[in-house]
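# Close look at the chain arrangement
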There are 2 protein chains.
Amino acid sequence: MLLAPPPAAQVGDTLATVATPSLLIDLAAFEANVAQMGTLTARHGVALRPHAKAHKSSAIARRQVDAGAVGVCCQKLSEAYPFAAAGIESIHISNEFVGADKVRMAVELAAHVRLSVCVDAMAQVVALGEAAERAGVQIDVLPEVDVGQHRCGVMTGDALLLLVDAIAAQPALRFTGIQAYHGGAQHIADWSARTTEAGRAAEQAAHFVCTLQARGIQCAIVTGGGTGTVELDAASGVYTEVQPGSYLFMDGDYGAIAWGGEWRWRHSLFVLSTIMSATRPGVAVCDVGLKGLAVDSGLPRSVRLLNASGGPELTYIAANDEHGMLESKAARHDDASALLGKRILLPPGHCDPTVNLYDEYLIYRDQEVIEIWPIDARGLSR
Amino acid sequence: MLLAPPPAAQVGDTLATVATPSLLIDLAAFEANVAQMGTLTARHGVALRPHAKAHKSSAIARRQVDAGAVGVCCQKLSEAYPFAAAGIESIHISNEFVGADKVRMAVELAAHVRLSVCVDAMAQVVALGEAAERAGVQIDVLPEVDVGQHRCGVMTGDALLLLVDAIAAQPALRFTGIQAYHGGAQHIADWSARTTEAGRAAEQAAHFVCTLQARGIQCAIVTGGGTGTVELDAASGVYTEVQPGSYLFMDGDYGAIAWGGEWRWRHSLFVLSTIMSATRPGVAVCDVGLKGLAVDSGLPRSVRLLNASGGPELTYIAANDEHGMLESKAARHDDASALLGKRILLPPGHCDPTVNLYDEYLIYRDQEVIEIWPIDARGLSR
């Protein structure tokens, strides 16, 4: 007995008929974002290495590389496998890792792709170097430096130099630069304050580079930056490579902060949901809750009725596991039952962990599903 | 080229060597919870229909049925497929649904299992009844009544009677009872207030039953209740069936509320994580963040070092996508690097959406992995 849920959609279906909840990409907005990031980075002569943790899809990575990206970032080693399997040739693990299970993955990946990784401790360097040498593979290593995130990374030039020396002592490892990522700067709401903080991060990164140069060590790569600061990072003269991820999609959090620079990004990612209960005045319940929307950065900030001009203005006010509570302010005392069966488009509050809940994107143009892209790195957090 | 991440563990591995992050079940605690719920429900003569949305694993459903459960609840139709495929014979969809894609799934499932579903609107009854009749299947229908959750469900006896009449008019549908679930009562911290609210829900459910009886309609099933109120629901004399899910695992939220009754449940679910960076005094960073821990009900409320007696007391203070920030209060001014590579056990704040992030459970006893159970309904939210 083959008993499995039917596919959510087939190419040619419309958004009025595909199964819900589904994760949608508005292809026109997505393609505009991809093209614009290519233009931005080319103008400043920096490499674009988009972060694949945002989309977790080798189909998207392929499009990014075809549009000029030098490769992708992954946040975890297991996450890199689908991209390596799909032929993405250069993968940077923008994160530290410890443990025999992790070192085994790094060595295996390095046999198939040009792999670079981050370190911030001697023990990481030694374990990786010895395993890579035994396996006969070469791994590029970029020590992470703390430029304001206060999470991972060394805090001083002296600590950086110790790591660079340790890398040099491992024949299978090669020092190629540093990672200077300041995640906290990405979401600062005020553009001027964000500009200041990005400038401070670049200045600190430059200071680490100078420390190396004073010892005669060239630092070919300074990688970092994200969607919120990308045009500042690219123009800094310090970063040689930027790692934005969310620019593809945008989300509620990025949509709510100020964008005072030259570039704007379009919302391309939506969860499609159906209103499946509406028994109370002014209240409706949709079929997407915590298991279809990450709420760590807040609930969806807008609710758009599919194929409806006008209609009540709805607010998403609470998420249960599989229910979303919607309130209609205008209709607080009205019968909500007319909403039963209506479909809504919800922009996630935070794109990355929302994507990680789904197995595929439905790609649409003019309300029609034209492609389906697997989220082949979904759940790969090791 | 077959290039895929290695398995997280093999049977016989210890918790010191399996890949992290991994989702663990402490089998002794889990089995104690399963046995205790059997005892509790048997004592009160109520049916146990555990909620599979909590565990999403047919391996666990099989153990629940083997221990006396009459079947399982699912929250979505697609979620029911792995349980139907695994031979669970009675499945209740404890939720409303609307749309042709959903009705098709219901009809297909009903050809393989004894299926019951919830409704709260005439349109749901008619669409389902017509499709079931065309397909030649029989579906049990339990209108949902609102007993305090104020989410789905009819609010009045009159509305209930209309639905019961509509069900009776559909030859392929059969009215078997009502669902009276009050999710909001489950997590009330004060035991006395929780008792009061559970009593109020039972009273309202009884009122709906009386309304039916006054019309000569027997209500064989009154289903509802959850882990937080299960002993109250079971003893109420109103509920004939209870739907607890989290009792298997417990979580931070359930662990933080008062339990004033007779029964206690053990924490059996943990995320195993590795500290992969520790460069700052008093701070360490582990490899589990938003993509390995649902944070809608708060961060992990405790951090336990694996295989360590003593050691610094750690607090999980922030979750990024793939990083967890740990603070060591005692060691705020100490070098944290001794923590690098150490493993920690984290109880999730909310079990259901955390389980939905993983593809398997590692089942352990005495620190050894003795079984691996697939989470075969992971991500099935349609």
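Because the structure is predicted, anything quoted here is derived from the model rather than measured.

### Details of the overall build of chain A
Within chain A, the secondary structure is distributed over 11 helices and 18 strands. Whereas a compact globule of 382 residues would reach a radius of gyration of roughly 21 Å, chain A reaches 23 Å, a difference of no more than 12%. A principal-axis box enclosing the C-alpha atoms of chain A has dimensions of 75 × 55 × 35 Å. Here chain A holds 382 residues, and the buried ones make up 57% of them. Taking the intrachain contacts of chain A between residues at least 6 apart in sequence as the baseline, contacts between residues at least 24 apart amount to 68%.

### A few points about the sheet that holds strand 6 (residues 139-143) of chain A
All names here are of chain A. Spatial ordering of the open sheet is given by 3-4-5-6-7, a layout of five strands whose pairing is parallel. Each of the sheet's edge strands pairs with one partner strand only, and the pair in question is strand 3 (72-74) and strand 7 (173-175). Neighbour-to-neighbour, the strand axes of this sheet turn through a mean angle of 30°, independent of strand direction. Strand direction decides the pairing type here: strand 3 and strand 4 (residues 90-93), joined by three bridges, are parallel. When the bridges of strand 4 are listed, valine 72 appears paired with isoleucine 91. Each of strand 3 and strand 4 is contacted by helix 3 (residues 77-85), which is oriented at about 170° to strand 4, the strand it contacts most. The sheet contacts of helix 5 (residues 122-135) involve strand 5 (114-119), strand 6 and strand 7, and relative to strand 7 the element is tilted by about 130°.

### Observations regarding the domain arrangement of chain A
All names here are of chain A. Under the domain assignment, chain A is made up of domain 1 (27-256) and domain 2 (266-374). Tallying the contact residues gives 22 residues for domain 1 and 23 residues for domain 2. Per-element accounting of the side of domain 1 that touches domain 2 gives the leading share, six residues, to helix 1 (residues 27-44). Split into classes, the residues belonging to the side of domain 1 that touches domain 2 amount to 12 nonpolar, six polar and four charged.

### So, the relation of the copies chain B and chain A
For the pair chain B and chain A, the best superposition has an RMSD of 0.0 Å and corresponds to a rotation of 180° with a translation of 0.0 Å parallel to the axis. Such a combination of rotation and displacement between the chain copies is what one expects of a two-fold axis. Comparing interface residues between copies, 100% of those in chain B also lie at the interface in chain A; the contact surface is shared.

### So, unusual backbone geometry
The amide bond that connects threonine 20 of chain A to the next residue, proline 21 of chain A, takes the cis arrangement and shows omega of -5°. Within the element layout of this structure, proline 21 of chain A appears in the segment before strand 1 (22-26). Not every positive phi belongs to a glycine, and aspartate 366 of chain A is a case in point at roughly 50°. Following the sequence through the fold, aspartate 366 of chain A ends up in the loop between strand 17 (360-365) and strand 18 (368-374). Here the phi dihedral of histidine 150 of chain B falls at roughly 55°; this positive angle occurs in a residue that is not glycine. When you line up the elements, histidine 150 of chain B lands in the loop between strand 6 (139-143) and helix 6 (157-168). Residue class for histidine 150 of chain B comes out partly exposed when judged on the 15 C-beta atoms lying within 10 Å of it.

### A word on the packing of helix 5 (residues 122-135) of chain B against helix 6 of chain B
Residue and element names in this part refer to chain B. Between helix 5 and helix 6, whose axes approach to 10 Å, the crossing angle comes to 10°. Classified by the angle between their axes, helix 5 and helix 6 sit roughly parallel to one another. Across the interface between the two elements, Met122, Val125 and Val126 from helix 5 touch Leu162, Leu163, Ala166 and Ile167 from helix 6. Grouping the constituent residues of the contact of helix 5 with helix 6 by class yields seven nonpolar, no polar and no charged.

### With respect to the pairing of strand 12 (residues 283-286) of chain A
Residue and element names in this part refer to chain A. Along strand 12, one buried face is formed by Val283 and Val285 and the opposite face, lined by Ala284 and Cys286, is buried too. Both strand 11 (residues 269-280) and strand 12 contribute to a ladder of three bridges, which runs antiparallel. Paired with arginine 280 across the two strands is valine 283, which belongs to strand 12. Here strand 11 folds back onto strand 12 in antiparallel fashion, the turn holding two residues, of which glycine 282 has a positive phi close to 75°. Taken together, the four bridges between strand 12 and strand 15 (residues 324-328) define a ladder with antiparallel strand orientation. Looking at the pairing, alanine 284 lines up with leucine 326 of strand 15.

### Let's talk about the interface of chain B and chain A
Between chain B and chain A, the contact holds 65 residues from the first and 65 residues from the second. Those elements that place two or more of their residues in the side of chain B that touches chain A are helix 3 (77-85), helix 4 (100-110), strand 11 (269-280) and helix 11 (351-355) of chain B. Considering each element in turn, the side of chain B that touches chain A owes the most residues, five residues, to strand 11 of chain B. Its residues placed into classes, the side of chain B that touches chain A shows 30 nonpolar, 20 polar and 15 charged.

### Here we look at the sheet that holds strand 7 (residues 173-175) of chain B
All names here are of chain B. Read from one edge to the other, the open sheet built from five strands follows the order 3-4-5-6-7, with strand pairing classed as parallel. The open sheet is flanked by strand 3 (72-74) and strand 7, the only strands paired with a single partner. On average, each strand axis in the sheet is inclined to that of its neighbour by 30°, with strand direction left out of account. Note that strand 4 (residues 90-93) and strand 5 (residues 114-119) share four bridges and pair parallel. When the bridges of strand 5 are listed, serine 90 appears paired with arginine 114. Packing against the sheet, helix 5 makes contact with strand 5, strand 6 and strand 7, and its axis sits at approximately 130° to strand 7.

### Here we look at the pairing of strand 18 of chain A
Residue and element names in this part refer to chain A. As paired elements, strand 17 and strand 18 share six bridges and run antiparallel to each other. In the sheet register, tyrosine 361 faces strand 18, and the bridge partner there is tryptophan 373. Hairpin connection between strand 17 and strand 18: a loop of two residues separates the two successive antiparallel strands, and aspartate 366 in this loop has a positive phi of roughly 50°.

### Side note on the confidence of the model for chain A
Mean pLDDT over chain A: 96, with 98% of residues reaching 70 or higher. Reported for the predicted complex are a pTM of 0.97 and an ipTM of 0.96.

### A word on helix 8 (residues 191-214) of chain B
All names here are of chain B. In this model, helix 8 (24 residues) spans 34 Å end to end at C-alpha, consistent with the 34 Å of a helix rising 1.5 Å per residue. Where helix 8 is concerned, the buried positions are Arg194, Glu197, Ala198, Ala201, Ala202, Ala205, Phe208 and Val209. Check the buried side of helix 8 and you find it contacts helix 6, strand 8 (177-179), helix 7 (183-186), strand 9 (221-224) and helix 9 (230-235).

### Quick look at the packing of helix 6 of chain B against helix 8 of chain B
Residues and elements named next belong to chain B. The interhelical angle for the contact between helix 6 and helix 8, taken along N-to-C directions, is 55°, at an axis separation of 10 Å. When the interaxial angle is binned, helix 6 and helix 8 end up oblique. Read as a crossing pair, helix 6 and helix 8 show a hand that is right-handed. When helix 6 is examined against helix 8, the residues Gly157, Leu160, Leu161 and Val164 are found in contact with a partner set consisting of Phe208, Thr211 and Leu212.

Rules and cut-offs
Residues numbered from 1 in each chain as written. Chains lettered and ligands numbered in written order. Predicted model: local features only at pLDDT ≥ 70, side-chain atom pairs only at ≥ 80, totals over all residues. Helix = DSSP H or I, 4+ residues; strand = E, 2+ residues; numbered from the N terminus. Rg over C-alpha atoms; globule rule 2.2 N^0.38 Å. Buried ≥ 20, exposed ≤ 12 C-beta atoms within 10 Å, placed from the backbone. Contact = placed C-beta atoms within 7 Å. Pairing = 2+ DSSP bridges. Axes fitted to C-alpha atoms, helices over the stretch in contact; angles between N-to-C directions. Domains from an automatic or database assignment. Nonpolar A, V, L, I, M, F, W, Y, C, P; charged D, E, K, R; others polar. Least-squares fit on C-alpha atoms with pLDDT ≥ 70 in both. Parallel < 35°, antiparallel > 145°, perpendicular 65-115°, else oblique. pLDDT = per-residue confidence, 0-100. Expected span 1.5 Å × (residues − 1). Left-handed = near helix turned anticlockwise from the far one by under 90°.

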